[in-house]
Amino acid sequence: MAWTPHGGGNGPWGNGQGPWGRGGGGQQPPDIEDLLRKGQERIRRAIPGGFGGGKAFGLLLVVAVGLWFLTGFYRVGPDEQGVVLRFGKWVDTTGPGLHYHLPTPIESVLKPRVTRINTVELGFRSIGGQRGAADTPTRDVSEESLMLTGDENIVDIDFAVFWQIKDAGQYLFNIRDPEGTVKVASESAMRDIIGQTPIHIALTEGRARIAIAARDLLQGLLDSYGAGIRVTQVQLLKVDPPGVVVDAFNDVQRAKADQERLRNEAEAYANDVLPRARGESVRLQQEAEAYKEQVVNLAQGDANRFLSVLESYRLSKDVTTRRLYLETMEDVLRRANKIIIDPGAEGAQGVVPYLPLPELRNGAKTQAATQQQQGGGQ
């Protein structure tokens, strides 16, 4: 034989040993058929009814295959989504509940949590403590927070983006770094919105509007990427001018406030003076129109009266002349001080032919005033 050494009849393992143990070269290896037969005997003894070897093997095979198929059942929790993979390829997304997929290694399932709110910080980083808490110390990241406004001013903005998984399949397979993608897209959206907003709007009443606009723009960007992410909130934490120019900026803002105050005062003064001037102008015009109407009407009345007197004079000259004389004397004497002297009382004793009417009138007035004062005092 080729394995027989020159010195004796030992096999290739030496010392007369075979490949299965010690002994002479006549020891045979274990019989495979014998081992199978012994195994079948053990199975036959274990299974009641004495099935034959082939039937027992088939039954075991059926049971094994059934158990293998049963491994395909899986449960998705209420805060999860099931992502079914077939040989590593995403084929289906399932919701909460009991589901089935083809057993491993044909199909497998991933179950990421989709209700957890994730946070991305931009312009700052939390240092220890609870992330996003009000009392957590932070570190400023100026390369993210400094932005240019629509009126070419620089503003320092710190904000946080809150997001959750909307579609687990898109989230796992359409983007490589979900959190990094949200961070870059959020910064881009905020810079876009701030670049269209004046600084005084960003610092005062426009903060809520900026946050809503940034959230909508960010959601549109993520949807265009097919990221499977829902942005729940964009929260502006700080909107201030840069620290190196904050004093100068405050001076400018105070000057603008003074300018606005003076403008408002000037407008208030103008709103007070102009209506009064317009009212005075209208009053003068109306008085002039009334005076004009009065003078014209009086002139027309005098003319008509003169024509009427003239017509009466033509009809009866004596009577009209006498009446004009009496009316003229009545008008003249009404405005003159009058003293009556009775010539017939000159010869009578104890009678004064003199009657001072103005003094009598003034005395009567004085007496009436005195009585009125006395009655009021009582």
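The structure this text deals with has already been given above.
This write-up is about the structure you can find in this document. (Residues numbered from 1 in each chain as written. Predicted model: local features only at pLDDT ≥ 70, side-chain atom pairs only at ≥ 80, totals over all residues. Heavy atoms only, no water.)

1. A short note on the overall build of the protein chain
Per the secondary structure count, the protein chain includes ten helices and 13 strands. With 378 residues in all, the protein chain has 22% of them scored as buried. Of the contacts made within the protein chain by residues no fewer than 6 positions apart, 59% connect residues no fewer than 24 positions apart. Only carbon and sulfur atoms are counted for the fraction: they give 57% of the accessible area of the protein chain, which is about 26,600 Å². (Helix = DSSP H or I, 4+ residues; strand = E, 2+ residues; numbered from the N terminus. Buried < 20%, exposed > 50% of the residue type's maximum accessible area, 1.4 Å probe, protein only. Contact = heavy atoms within 4.5 Å. Areas by Shrake-Rupley, 256 points an atom, 1.4 Å probe, with all protein chains shown as cover.)

2. Re the nonpolar core
With 33 residues, the main nonpolar core has Ile157, Phe159, Val161, Met190, Leu222, Ile229 and Leu236 as its most contacted residues. When residues of this core are traced back to their parent elements, those giving at least two are strand E2 (82-86), strand E6 (118-122), strand E10 (154-165), helix H4 (168-173), helix H5 (178-194), helix H7 (207-225) and strand E11 (229-240). Residue contacts for Met190: discarding those within four places in its chain leaves Met147, Phe159, Ile210, Ala214, Val234 and Leu236. (Core = buried A, V, L, I, M, F, W, Y, C linked by side-chain atoms within 4.5 Å.)

3. Topic: the packing of helix H8 (residues 246-315) against helix H9 (residues 317-334)
Describing two packed helices takes the angle between their axes plus the distance from one axis to the other. The interhelical angle for the contact between H8 and H9, taken along N-to-C directions, is 135 degrees, at an axis separation of 6 Å. When the axis of H8 is compared with that of H9, the two are oblique. For the pair formed by H8 and H9, the contact residues are Val309, Ser312, Tyr313 and Leu315 on the first element and Lys317, Thr320, Thr321, Arg323 and Leu324 on the second. Split by residue class, the contact of H8 with H9 holds four nonpolar, three polar and two charged. (Axes fitted to C-alpha atoms, helices over the stretch in contact; angles between N-to-C directions. Parallel < 35°, antiparallel > 145°, perpendicular 65-115°, else oblique. Nonpolar A, V, L, I, M, F, W, Y, C, P; charged D, E, K, R; others polar.)

4. Notes on the pattern of salt bridges
Under the counting rule described, the total for this entry stands at 14 salt bridges. Here Asp223 ties to Lys166 by a salt bridge, and the two come within 3.2 Å at their closest N and O atoms. Highlighted residues: Asp223 in helix H7 and Lys166 in the loop between E10 and H4, separated in sequence by 57 residues. With relative accessibility at 41%, the residue Asp223 sits in the partly exposed group. (Salt bridge = Lys/Arg side-chain N within 4 Å of Asp/Glu carboxyl O.)

5. Quick notes on the sheet that holds E2
Strand order in the open sheet formed by three strands is E3-E2-E5, with antiparallel pairing between adjacent strands. Each edge of the open sheet carries a strand with a single partner, namely strand E3 (89-94) and strand E5 (107-110). Put simply, the sheet's adjacent strands are angled 30 degrees from each other on average, direction ignored. Pairing of E2 with E5, which is carried by four bridges, proceeds in the antiparallel orientation. Of the residues in E5, the one forming a bridge with Val83 is Leu110. (Pairing = 2+ DSSP bridges.)

6. Observations concerning the packing of aromatic side chains
This structure, assessed with the given rule, holds three aromatic pairs. Aromatic side chains Trp163 and Tyr171 sit 6.1 Å apart centroid to centroid with 40 degrees between the ring planes, which places their arrangement in the tilted category. Taking relative accessible area as the criterion, Trp163 reaches 2% and is therefore assigned buried. Exposure remark for Tyr171: the relative accessible area of 17% places this residue in the buried category. (Phe/Tyr/Trp six-rings, centres within 6.5 Å; stacked < 30°, edge-to-face > 60°.)

7. Side note on a nonpolar patch on the surface
Together, Leu59, Leu61, Val63, Val65, Leu67, Trp68, Phe69, Leu70, Phe73, Leu98, Tyr100 and Leu102 give the surface a local cluster of nonpolar side chains, amounting to about 1,100 Å² of exposed area. Of all the secondary-structure elements, those providing two or more residues to the nonpolar patch are helix H2 (53-70) and strand E4 (97-100). Per-element tally for the nonpolar patch: the top contributor is H2, with eight residues. Its location among the elements puts Val63 in helix H2. (Patch = residues over 30% accessible without salt bridge, like charges linked within 9 Å, V, L, I, M, F, W, Y side chains within 5 Å.)

8. Looking at the side chain of Ser145
If you trace the backbone, Ser145 turns up in helix H3 (residues 142-145). Residue contacts for Ser145: discarding those within four places in its chain leaves Gly123, Asp140, Val155, Asp156, Ile157 and Asp158.

9. Details of the packing of H5 against H7
It is at 9 Å that the axes of H5 and H7 come closest, and there the two elements cross at 135 degrees. On the basis of their axis angle, the class for H5 and H7 is oblique. Note that H5 runs across H7; the crossing there is right-handed. Between H5 and H7, the contacting residues are Thr181, Val182, Ala185, Ser186, Ala189, Met190, Asp192, Ile193 and Ile194 on the first element and Ile210, Ala213, Ala214, Leu217, Leu218, Leu221, Leu222 and Tyr225 on the second. Here the contact of H5 with H7 is composed, by residue class, of 14 nonpolar, two polar and one charged. (Left-handed = near helix turned anticlockwise from the far one by under 90°.)

10. Thoughts on H7
Taking 1.5 Å of rise per residue, 19 residues should cover 27 Å, and H7 covers 27 Å from first to last C-alpha, within 8% of that figure. Those residues of H7 lying buried are Ile210, Ala211, Ala214, Leu218, Gln219 and Leu222. Angular distribution of buried residues about the axis of H7 spans 165 degrees; they occupy a single face of the element. Exposed residues pointing more than 90 degrees away from the buried face of H7 are listed as Arg209 and Ser224. Those residues of H7 that are buried are in contact with E10, H5, helix H6 (199-203) and E11. A positive backbone phi angle near 65 degrees is found at Gly226, which sits one or two residues after H7. (Expected span 1.5 Å × (residues − 1). Arc of directions from axis to C-beta.)

11. Side note on unusual backbone geometry
Note: most peptide bonds trans; most residues except glycine with negative phi. In the segment running from Thr104 into Pro105, the intervening peptide bond is cis, with an omega of 10 degrees. Here Pro105 is to be found in the loop between E4 and E5. The backbone phi angle of Glu152 is positive, close to 65 degrees, even though this residue is not glycine. For Glu152, a relative accessible area of 67% translates into the label exposed.

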